[in-house]
Amino acid sequence: MKQRARRSLVLLALLGLAACQRISERDFVGDWQSARAVTPLHLAANGEWELRQADGSVLQYGLWRVEGKTLVWSVRQGERVIDDPTPVLAVERDMFSVRERDGATTVFRRLR
């Protein structure tokens, strides 16, 4: 019985550590394929993002940053800069997922 209780405590501690996982910009730098788009997404270390076509031409671009456990996308619309905060749900070496404003989950898989 004591061994079962000890295992439960260890499991709870590990789950707590996973929930407290710190994320940083370097977790996201690279080329990604979104489950919601055909065009690959490039996240640069300087905080810029681009959607690039196969020929390398840029379709859309903006800035990105990490604030706590939120990935914030910024896009210029006319004279204004619009921020789109998306809570990060999971981060692994080759994937990450975020919660969109409409409640949907978007998964990104690393291309390189």
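Structure's up top.
This write-up is about the structure you can find in this document. Quick caveat, the model's predicted, so the values are computed rather than measured.

Criteria and cut-off values
Residues numbered from 1 in each chain as written. Predicted model: local features only at pLDDT ≥ 70, side-chain atom pairs only at ≥ 80, totals over all residues. Heavy atoms only, no water. Buried < 20%, exposed > 50% of the residue type's maximum accessible area, 1.4 Å probe, protein only. Helix = DSSP H or I, 4+ residues; strand = E, 2+ residues; numbered from the N terminus. Pairing = 2+ DSSP bridges. Salt bridge = Lys/Arg side-chain N within 4 Å of Asp/Glu carboxyl O.

**Quick look at the pairing of strand β1 (residues 30-34)**
Along any regular strand the residues' side chains alternate between the sheet's two faces.
Next up, step 1: Most of β1 is tucked away: four of the five residues are buried.
Next up, step 2: Direction of pairing for β1 relative to strand β2 (residues 41-43): antiparallel, over a ladder of three bridges. Bridge pairing links Asp31 to His42 in β2.
Next up, step 3: The turn joining β1 and β2, which pair antiparallel and follow one another in sequence, is formed by six residues.
Next up, step 4: Both β1 and strand β8 (residues 105-110) contribute to a ladder of three bridges, which runs antiparallel.

**Here's the deal with the pattern of salt bridges**
Next up, step 1: For the structure on display, the rule yields eight salt bridges.
Next up, step 2: When the shortest N-O distance is used, the salt bridge between Arg65 and Asp83 registers 3.1 Å. Of this pair, Arg65 sits in strand β4 (residues 58-67) while Asp83 sits in strand β6 (residues 80-92), and the two are 18 residues apart along the sequence.
Next up, step 3: Residue class for Arg65 comes out partly exposed when judged on its relative accessible area of 29%.
Next up, step 4: Since its relative accessible area comes to 33%, Asp83 is described here as partly exposed.
Next up, step 5: For Arg101, the salt bridge is made with Asp84, and the minimal N-O distance between the two is 3.0 Å. Here Asp84 lies in strand β6 and Arg101 lies in the loop between β7 (95-99) and β8, a separation of 17 residues in the sequence.
Next up, step 6: Owing to a relative accessible area of 61%, Arg101 belongs among the exposed residues under this scheme.
Next up, step 7: The partly exposed category is assigned to Asp84, whose relative accessible area is 25%.

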